[in-house]
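Listed below are the residues making up each chain.
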Amino acid sequence: MLGSGEVIGKLQMSWDKLLDHGDEPLDLSFPPVRDVHPSLTLKAAIVHACDDEDSALSDSLVDSEIARDTDAGHARFAEYAMSGTVSQLNDAVQHFQLVLDQCPVGHPDHAAALTNLAYARLEGYIQNYLQDIDTTTSLFREAIALRPQGHPDHASSLHDLIRALIWRYSKESTAVYIRESVQLCCKLLPLCPEGTFLRSMGVDSAVGYVINNLPIDASDESIHLRRNMLELSPVGQQLRPKALDKLSWALFTRFTERGNIDDIDESIHLRREAVSLCPEEHTGHHSYLNNLAVSLVHRFDHQGKPNDLDEAISLYEEVLRLHTVGHESRDFPLNTLGGALTTRFNKRGDIDDITRAISLYHEALTLRPPGHPHRDTTLNNLALALHTRHKQLDVSEDLSNEVIDKLRESLRLRRLDHPERHLNLSNLGFALCSRFTHTRENEDVEEAIDLCQESLAALPSLHPGRYLSYMCLQEAYLSRYRVQLSPPDLSLAVENFKLASRHPTRGFPSRIITAWNWVAAAEQHSHTSVLEAYNTYFDLLDNHLATRSSTTSRQEAAAAFHYARSLPADAASCAIRHDNLRHAVELAEQGRGQQWSLASRLKTPVEDLESVNPKLAHKYLELSKRVSNAAQSSANITDRAAADRAATKYRKLMEQWEAAVADIRDLRAFSRFLLPPSYADLQVAAHQGPAIILIASQYSCSAIVISMSGDPHHVPLPSISLTELNNLKDRFARAIRHASVMGPKVPRNDLIVLLRTVWDAIMLPIVNVLQHDLKLKFRSRIWLCPTAAFTSIPLHAAHPFQTRADGSKEPCLEDLYICSYTPTLSALVRSRRMMKKRVTPSFATIGQGQPGAGKGKALLAVDSELELVQKFVPATATRITVSGDEATRAGALQALEENTWVHLACHGKQDPTQPYNSHFVMKDEHLTLLDIMDRDIPHAEFAFLSACHTAVGDEETPDEVIHLAAGLQFSGFKSVIGTLWEVNDAVAKHVVEAFYKYMFMDLKDGAGIVMDCTRAAWALNRATHAVKTKVPLEQRMVFIHIGV
């Protein structure tokens, strides 16, 4: 039987003629059926000659009866196929049943008889003439058992059973039948390559049905089946786009239920391929575009990558363009684009986005009138957009009522088992809380609490949606506390802050914002959880930034939380207010310099670990190298699909790296490996002199002085507030600009006034502690570690500018002590530890005074400055000069990598928008901060940066201390001289000359004393004193020392 049982041709040939072909097969062809040319190959031979004529006659009679009934069954079935007369189908079933009765188990035609009867019965089931499908499928299963893999009819028998299961699923919608169909398709497809007759006549349509109708759910089994179907739909196969899309939906669904980033990443990867396989004219093109955008928006919510949201909006715009006014499905892109615009408004605050979103939702609502199955979604989305705009504009209660009415209607329309009903509950809860803050009607907040608890009751413990319910409960309890001042409400609000910020399946960005709000609420209401809130924020931010592969992407991710940039100083201030100075030091360190801390993890030395567990140390180093290589290779990828693949690769490597770190922490002596440093770890920074953290917080300004013994010392700075400090910073910037155009002999009165303020309000209280509490010796070294606004104040230049009664001058800070800076305490500790690796010194002078058109004015004193420096370099050191045409980006990098001491004279530029693009100007390309950070130069010792703006950080994130001098310290230079503002090269050479004179004054023609980079701070101190009469104040203050 072929296809539906139709007769396609007849063969009339005698047995003798057929047997005349001998062993040669006889090929028969038939007219085309459905554009397919069926063919048949026959081969006949006498296999047994029977001597018992009576027996032979009996067998032949039976065979003739089987043949007659079989032919009759086929004939009736063919007539039925033409006419649709039920009686003919019933006759066919009866004839095939008679045949089966004559072909018992063991009969060579038993399988064929089973198949013919089952086929006819299936047709009756399809047309609703027969209801018993169990018997039919049992017949097909029995036939398959008789035709195992390798049997020529195995494939067709599989196909028959698949058809029966598909038809049963279409009528009963029981998942077990479609799942079995998938499993059978996976066996069938490899047996039916493209172009084969069975493939063309029904296999593809069956597989297509299975792909389309296998229920999309988040079960591992469902996704496994979907993967199998995709594997059987190779590139070029027409079913592949649909198989890609269906698997992507299953993964997407699992992501929404479990929050695993691997699922949403793979969903995006699959959807990108589906889009690439379907050009605009393809019927599924707009659907695949929309689905890709959906996944991108969800990944943005989870990871916060701006490119995802921008790409999604671009895709939604394209889908809307393809659904012009009047298109039957225009309501879908109106809704999805509105949602993405609302999300972007929440992140960037462009009022045009939320205004357009509301307009799109209004249009969508007109296309979804009462009774429309998706009206509930549009009502919910429109209400959220209105609520968002209302909060932004702080509008009236009437608009709040409108929002709540729409949310109530949406909730009423949404069925109880809808997978997103929890969102309706939470959204209505948020709106009721918002109205409560205006009306103070207790019924609103109580209903909000009930709604959230209903939502939580409906969701599994790890469902990502629980996060919104926790947040709604937090808002309800906190709102009620602010009105009624009931302490239990505040405790419940804090408890829900904790649950939301620690909900593991929610993305880091949302949880970071929650922790920030927790900090604000705990500070405002003096709750005991405030320090826990700060710690949670820093831990979450650290984990979030660690997911980014490149330095710039980490900086961009951190910048998204620019509103929380004061938290490191605020956290330290909070710990001080709670009389916990050690924890204040730990918080100040953990919250600052996170970019450097994350980058340095992959460079952590493991000598101690190697002596305990060399195998684990080797594994850690290998994984660190692979992670670093993956990060560098992904840094400049612009193609979105390639960038996604690189990000996935990086994340997988990071998971292995984190597992290795966990194994290291299991060792008793390494339990704190790569964890935020404890106070004991940080106290080592004061090994050669006190370290002073200056804290600029909205709550108070103060300093913490750390010494090598005992507890830290708190130094209140009551004479200055954060507002006054920011004002002081701005006044310094103006005074420096003004001084740059003044003559060298003109008094810098503005600067003098400001430096006197720095002395009186900031440094004098600290000096009093150093002198009276610590008994610090005169001319000892101190290290300044400023935070926030303090990073922009020249603290080292603090000066009383006063004369004593005896006519002598009051000493300034640099008269009393040798001042150095450190970006963080950890950076100083790390540099000191690396000092153990000393090599034969080599000195490179790098200069570029003629950078070329558009790269800045010529620096005429550069060449003479390089010659001056070379004269002071001891004979024990090898020396090279890289200047002029040789001072290219590559040439400068090579000199940095190959030498232990470096003097660099050129233009320096601080990039205010992207600090990692800050650079030294070379002959060809810029030598950027990123270039420097990518190098690992453990043997490097000292760098003098005779260029502008090399030690000034990013104004938006001052606590990250991202500047060129810090970059050189990170790459391996233990001691660095940098600059806070613009350098005048004509006068800077006086400081340079004096510096190297003092730096090498004890080294006389190889007298046995080694070049020592730890002398740099002292040499700079002496140099700036020595050139007072030659160099104006602002050009002496500009140079600072960083490091050991």
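Structure first, text after, so check above.
Let me begin by describing the structure that accompanies this report. Starting from 1, residues in each chain are numbered consecutively following that chain's sequence as written. Two thresholds apply to this predicted model, a pLDDT of at least 70 for residue-level local features and 80 or more for giving and counting side-chain atom pairs, whereas whole-chain, interface and lining totals are computed over all residues. Only hydrogens and water are removed before side-chain values are computed, so all heavy atoms of the structure are retained for them.

Some words on the overall build of the chain
Okay, so step 1: Numbering of helices and strands starts at the N terminus; helices are DSSP runs of H or I of at least 4 residues and strands are runs of E of at least 2. The helix and strand inventory of the chain stands at 42 helices and 16 strands.
Okay, so step 2: Each radius of gyration reported is based on C-alpha atoms, and the globular scaling rule is 2.2 Å times the count of residues to the power 0.38. Against the 2.2 N^0.38 benchmark of 31 Å for 1044 residues, the chain shows a C-alpha radius of gyration of 40 Å, more extended than a compact globule.
Okay, so step 3: On the principal axes, the C-alpha backbone points of the chain span a range of 145 × 75 × 60 Å.
Okay, so step 4: Contacts are assigned to residue pairs with any non-hydrogen atoms lying within 4.5 Å of each other. Counting only contacts in the chain whose residues sit at least 6 apart along the sequence, the fraction spanning at least 24 positions is 69%.

Structural notes on empty space enclosed by the protein
Which parts of space are left empty comes out when a probe the size of a water molecule is rolled across the atoms.
Okay, so step 1: Whether a set of points on the 1 Å grid over the protein atoms alone is a cavity depends on a 1.4 Å probe fitting there but being unable to get out, while an open set qualifies as a pocket with protein on both sides within 12 Å along at least five of seven lines; lining residues are those with an atom within 4 Å of a point. Grid points are joined across faces, edges and corners, and a volume is the space filled by probe spheres set on the points. Applying the stated rule across the entire model yields 4 cavities of 30 Å³ or more.
Okay, so step 2: Empty space within the largest cavity amounts to approximately 180 Å³.
Okay, so step 3: In terms of residues, the lining of the largest cavity owes the most to one element, helix 23 (residues 530-546), which gives 3 residues.
Okay, so step 4: Considering only residue class, the lining of the largest cavity consists of 8 nonpolar, 4 polar and 3 charged. Polar here means any residue other than Ala, Val, Leu, Ile, Met, Phe, Trp, Tyr, Cys and Pro, which are nonpolar, and Asp, Glu, Lys and Arg, which are charged; Gly is therefore polar.

Some points on the sheet that holds strand 11 (residues 908-909)
Okay, so step 1: A strand pair is defined by DSSP finding two or more bridges across the two strands. Reading across the sheet, the 3 strands line up as 11-12-13 and stay open at both edges, with antiparallel pairing between neighbours. The two strands at the open ends of the sheet, each matched to only one other strand, are strand 11 and strand 13 (927-928).
Okay, so step 2: Where strand 12 (residues 919-920) lies against strand 13, 2 bridges are found, and the strand directions are antiparallel. Bridging from a neighbouring strand, His919 pairs with Thr928 of strand 13.

Digging into helix 22 (residues 508-524)
Okay, so step 1: To estimate how far a helix should extend, the number of its residues minus one is multiplied by 1.5 Å. Its 17 residues give helix 22 an end-to-end C-alpha distance of 24 Å, which sits within 8% of 24 Å, the value for a rise of 1.5 Å per residue.
Okay, so step 2: Every buried residue of helix 22 is accounted for by Pro509, Ser510, Arg511, Ile512, Thr514, Ala515, Trp518, Val519, Ala521, Ala522 and Glu523.
Okay, so step 3: Buried residues belonging to helix 22 abut helix 12 (285-303), helix 20 (466-484), helix 21 (487-501), helix 23 and helix 25 (567-577). Throughout, exposure labels follow a simple rule: accessible area from a 1.4 Å probe, protein chains only, divided by the maximum for the residue type, with under 20% read as buried, over 50% as exposed, and the rest as partly exposed.

What about the pattern of salt bridges?
Okay, so step 1: We count a salt bridge whenever a side-chain nitrogen from Lys or Arg sits within 4 Å of a carboxyl oxygen from Asp or Glu. Applying the stated criterion across every chain yields a total of 47 salt bridges.
Okay, so step 2: For Asp265, the salt bridge goes to Arg299, with nearest N and O atoms at 2.9 Å. With Asp265 in helix 11 (residues 261-277) and Arg299 in helix 12, this residue pair connects regions lying 34 residues apart in the sequence.
Okay, so step 3: Assessed through its relative accessible area of 8%, Asp265 is described here as buried.
Okay, so step 4: Here Arg299 falls in the buried class, since its relative accessible area comes to 3%.
Okay, so step 5: Between Glu447 and Arg408 there is a salt bridge; the shortest N-O distance is 2.6 Å.

Considerations on helix 30 (residues 640-665)
Okay, so step 1: With 26 residues, helix 30 extends 37 Å from end C-alpha to end C-alpha; this agrees with the ideal 38 Å at 1.5 Å per step.
Okay, so step 2: Here helix 30 has its buried residues at Ala642, Asp644, Ala646, Tyr650, Arg651, Leu653, Met654, Trp657, Ala660, Val661 and Ile664.
Okay, so step 3: Pairs of N or O atoms within 3.5 Å make up the polar contacts considered here, provided that, within protein, one atom can donate a hydrogen while the other can accept it, and that residues adjacent in sequence are counted only when both atoms are side-chain atoms. A distance of 3.3 Å separates the backbone nitrogen of Ala641 from a side-chain oxygen at the start of helix 30, and that oxygen is part of Asp639.

Some remarks on the environment of Leu188
Okay, so step 1: Relative to the elements of secondary structure, Leu188 occurs in helix 7 (residues 175-188).
Okay, so step 2: As a C-alpha pair, Leu188 and Phe561 span 373 residues in sequence and 54 Å in three-dimensional space.
Okay, so step 3: Not counting residues within four places of it along the chain, the set of residues in contact with Leu188 comprises Ala155, Leu158, His159, Ile162 and Val203.

Description of the environment of Tyr316
Okay, so step 1: Within the secondary structure layout, Tyr316 lies in helix 13 (residues 306-322).
Okay, so step 2: Take Tyr316: its relative accessible area is 4%, and that puts it in the buried class.
Okay, so step 3: In sequence terms Tyr316 and Ala739 are 423 residues apart; their C-alpha atoms lie 54 Å from each other.
Okay, so step 4: Setting aside residues up to four positions removed in sequence, Tyr316 forms contacts with Asn290, Ala293, Val294, Val297, Thr336, Leu337 and Ala340.

Considerations on unusual backbone geometry
Phi is mostly negative for residues that are not glycine, and the peptide bonds are mostly trans.
Okay, so step 1: One non-glycine residue, Leu485, adopts positive backbone phi at about 55°.
Okay, so step 2: Relative to the elements of secondary structure, Leu485 occurs in the loop between helix 20 and helix 21.
Okay, so step 3: On the basis of relative accessibility, which here comes to 57%, the residue Leu485 falls in the exposed class.
Okay, so step 4: The phi torsion at Arg779 lies on the positive side, around 70°, for a residue other than glycine.
Okay, so step 5: Its location among the elements puts Arg779 in the loop between helix 33 (749-773) and strand 6 (781-786).

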